[in-house]
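Overview (structure and organization)
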Amino acid sequence: MAPAFFVFVLDGIFTDQPIARAAWPLAVVWVAALLVSLLLRLAWNRWRKKKAEAPAAEAN
């Protein structure tokens, strides 16, 4: 996303085109990446919790 952000900033500074044409795609990609990372983190935490509870259940 860094190259897209730099293009976004430089377009806003050096051209007369509105920056909104690049703002919406950047915002959508950013929100999608946040949602995907949140879902992966929740899945990872759930998997690790189940893995940590399994040996304790076998010991009893």
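Computed from a prediction, not measured in an experiment: that's the story for all the values here.

Criteria and cut-off values
- Residues numbered from 1 in each chain as written.
- Predicted model: local features only at pLDDT ≥ 70, side-chain atom pairs only at ≥ 80, totals over all residues.
- Heavy atoms only, no water.
- Helix = DSSP H or I, 4+ residues; strand = E, 2+ residues; numbered from the N terminus.
- Rg over C-alpha atoms; globule rule 2.2 N^0.38 Å.
- Areas by Shrake-Rupley, 256 points an atom, 1.4 Å probe, with all protein chains shown as cover.
- Lys, Arg positive; Asp, Glu negative; His and termini not counted.
- Charge placed at Lys NZ, Arg CZ, Asp CG, Glu CD.
- UniProt positions renumbered as here; feature names shortened; annotations may be inferred.
- Phe/Tyr/Trp six-rings, centres within 6.5 Å; stacked < 30°, edge-to-face > 60°.
- Patch = residues over 30% accessible without salt bridge, like charges linked within 9 Å, V, L, I, M, F, W, Y side chains within 5 Å.
- Salt bridge = Lys/Arg side-chain N within 4 Å of Asp/Glu carboxyl O.

So, about the overall build of the protein chain. Tallying secondary structure elements over the protein chain gives two helices and zero strands in all. Its C-alpha radius of gyration of 21 Å places the protein chain more than 25% over the 10 Å reference for a compact globule of 60 residues. For the protein chain, the spread of C-alpha atoms along the three principal axes comes to 70 × 15 × 10 Å. Surface exposure of the protein chain reaches about 5500 Å², of which carbon and sulfur atoms provide 71%. Counting 7 positive and 4 negative side-chain charges, the protein chain places the centres of these two groups 12 Å from one another.

On to the UniProt feature "transmembrane region" (unreviewed entry) in the protein chain. UniProt annotation of "transmembrane region" (unreviewed entry) refers to residues 25-44 when read in the numbering used here. Counting secondary structure, residues 25-44 comes out at 100% helix and 0% strand; the distance between its end C-alpha atoms is 28 Å.

Within this structure, the stated rule accounts for one aromatic pair. Ring centres of Trp44 and Trp47 lie 5.1 Å apart, and the angle between their planes is 40°; on these two criteria the pair is classed as tilted. Here Trp44 and its partner Trp47 are both found in helix H2 (residues 20-59), three residues apart, which amounts to about one turn of the helix.

Here we come to a nonpolar patch on the surface. Residues Trp30, Val31, Leu34, Leu35, Leu38, Leu39 and Leu42 make up a contiguous nonpolar surface patch of roughly 710 Å² in combined accessible area. Inspection of the secondary structure assignment puts Val31 in helix H2.

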